[in-house]
Amino acid sequence: MNQKKARFHMTHAIHRFTLAGCCLAALLLMTAPLCAQVPDEFTNLKVLDKDIGKQDLIGIMKGWAGGLGVRCNHCHVGPDNLQGMDFATDEKEHKRATRAMVEMVRTINSQYLGSWEDEALEGKGEDDGVTCFTCHRGQPRPPHKLSEVLTETALSEGTDAAMTQYKSLKQEHYGAGLYDFSEGTFGQVAQAAIEAGKPEVGLEVLRSSLEVYPESADLHAFLGMGLVQSGDADGAAEAFAKALQLDPDNANAKRGKMMLERMGN
Ligand code: HEC
Ligand code: HEC
């Protein structure tokens, strides 16, 4: 897929969304001020086609803003109401970073995703490939893995702070596909804490996570393994028993129980 084709794909997608362009879009999406505030001539285009039309450009800008969950002034200098903005200046780092992102997205879509079925992609919209949203999920920076976010908090501020963070992120983002709120995340945090030489934080995290997922056989089994490592054989036996009561086939709990028996408990 060459540049011209890539541009066709983009334009195609934009037309699908804004229908007949600026005026109709303005009516539908209440963006009349946007059309009025954006200049008719563009003076500093380096990655977009220098002859691009105004409604095409606005469509692309809205796509970028939406993909990152930001407004125009995230990348452009000026007030949030679009009055008297300087769109052409490259003062903001986010604007400069975006050019590199655009080149990257084009390369992914044309050289990698397009490479084996270029013809088949012909005529499809840009949403068939990678977009800003694919990685950014409506956030200015692509979200990090939840287990990494929580591990950092657990190790620096303690387990209670990590649990509070878990609950507030869940409240804010549940269902948006941003973070993995499942029990497995707690297993990863505990593992990371143990690897960081803080087994006590790992055990705390597992105990706290059992308040969120009391019926999780995996978490009970992980707690058992952590307790074996910390020398609490009785606590471990109890945790494995609980895991096996919830899920008689739980492999970690079975293995842990056998290990304890071999150790003479
Ligand atoms: C994520 C960053 C980002 C966001 C958000 C963004 N823009 Fe842009 N904008 C850019 C970049 C990068 C360019 C330069 C493109 C190029 O070099 O070809 C640009 C160029 C422009 C230009 C052309 C300026 C010129 O004269 O060269 C206009 C007008 C513009 N944007 C308007 C908007 C509007 C209106 C919004 C909000 C709906 C918006 N932008 C949101 C990054 C952004
Ligand atoms: C393949 C994944 C991916 C895609 C697609 C992608 N980005 Fe990014 N973007 C990243 C990563 C990773 C970072 C670095 C984040 C960090 O340092 O924490 C980043 C950083 C940025 C930054 C700098 C953020 C900051 O605060 O330093 C901007 C602006 C940005 N991206 C805009 C865009 C735009 C606009 C698009 C679509 C044209 C896009 N990105 C597409 C992965 C992606």
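Nothing here was measured: the structure is a model prediction, and the numbers come from that model.

### Regarding the coordination of the iron atom of ligand 2
Piece 1. Within the protein, Met-101 (SD) and His-136 (NE2) serve as the donor atoms for the iron atom of ligand 2, at 2.1 to 2.3 Å.
Piece 2. The site at the iron atom of ligand 2 holds six donor atoms, and with the angles between them running 85 to 179 degrees, its shape is octahedral. With Met-101 in helix H5 (residues 93-113) and His-136 in helix H7 (residues 132-136), this residue pair connects regions lying 35 residues apart in the sequence.
Piece 3. A residue is classified by how much of its surface remains accessible, and His-136, at 11% relative accessible area, is buried.

### As for the packing of aromatic side chains
Piece 1. Scanning the entire structure with this criterion turns up five aromatic pairs.
Piece 2. Judged by centre distance (5.8 Å) and plane angle (75 degrees), the ring pair of Tyr-166 and Phe-181 falls under edge-to-face. One end of the pair, Tyr-166, is in helix H9 (residues 159-173); the other, Phe-181, is in the loop between H9 and helix H10 (183-195), and 15 residues separate them in sequence. With respect to burial, Tyr-166 and Phe-181 carry one shared label: buried.
Piece 3. Taking 6.1 Å as the distance between ring centres and 70 degrees as the angle between the ring planes, the aromatic pair formed by Tyr-179 and Phe-181 counts as edge-to-face.
Piece 4. Ring pairs connect the aromatic residues Tyr-166, Tyr-174, Tyr-179, Phe-181, Phe-186 and Tyr-213, which therefore count as one cluster.

### A closer look at the nonpolar core
Most often, soluble globular proteins have nonpolar side chains that are buried together.
Piece 1. By size, the foremost hydrophobic cluster in this structure holds 33 residues, and its most contacted members are Leu-146 and Phe-186.
Piece 2. In terms of residues, this core owes the most to one element, helix H12 (residues 217-229), which gives six residues.
Piece 3. Every residue in contact with Phe-186, bar those within four places of it in the chain, is listed here: Leu-150, Met-163, Tyr-166, Val-205, Leu-206, Ser-209, Tyr-213 and Leu-219.
Piece 4. If you look at the next biggest cluster of nonpolar residues, it comprises eight residues, including Leu-48, Leu-57, Ile-60 and Val-102.

### Quick word on the site of ligand 2
Piece 1. Taken together, 17 residues surround ligand 2, and among them His-94, Met-101, Cys-132, Cys-135 and His-136 come closest.
Piece 2. In this structure, His-94 approaches ligand 2 through a side-chain N or O atom, which is 3.2 Å from an oxygen atom.
Piece 3. The separation between a nitrogen atom of ligand 2 and a polar side-chain atom of His-136 is 2.8 Å.
Piece 4. For the shell around ligand 2, the secondary-structure elements that each account for two or more residues are helix H4 (54-68), H5 and H7.
Piece 5. Counting residues per element, the shell around ligand 2 draws most heavily on H5, which supplies seven residues.
Piece 6. Residue composition of the shell around ligand 2, grouped by class: twelve nonpolar, four polar and one charged.

What counts and how
Residues numbered from 1 in each chain as written. Chains lettered and ligands numbered in written order. Predicted model: local features only at pLDDT ≥ 70, side-chain atom pairs only at ≥ 80, totals over all residues. Heavy atoms only, no water. Donors = N, O, S within 2.8 Å, 3.2 Å for Na, K, Ca; no water. Tetrahedral: all angles 85-135°; square planar, octahedral: opposite > 155°, others 65-115°. Helix = DSSP H or I, 4+ residues; strand = E, 2+ residues; numbered from the N terminus. Buried < 20%, exposed > 50% of the residue type's maximum accessible area, 1.4 Å probe, protein only. Phe/Tyr/Trp six-rings, centres within 6.5 Å; stacked < 30°, edge-to-face > 60°. Core = buried A, V, L, I, M, F, W, Y, C linked by side-chain atoms within 4.5 Å. Contact = heavy atoms within 4.5 Å. Near = heavy atom within 4 Å. Polar contact = N/O pair within 3.5 Å; in protein donor to acceptor, adjacent residues only side chain to side chain. Nonpolar A, V, L, I, M, F, W, Y, C, P; charged D, E, K, R; others polar.

Distances and angles like these do not, on their own, reveal function.
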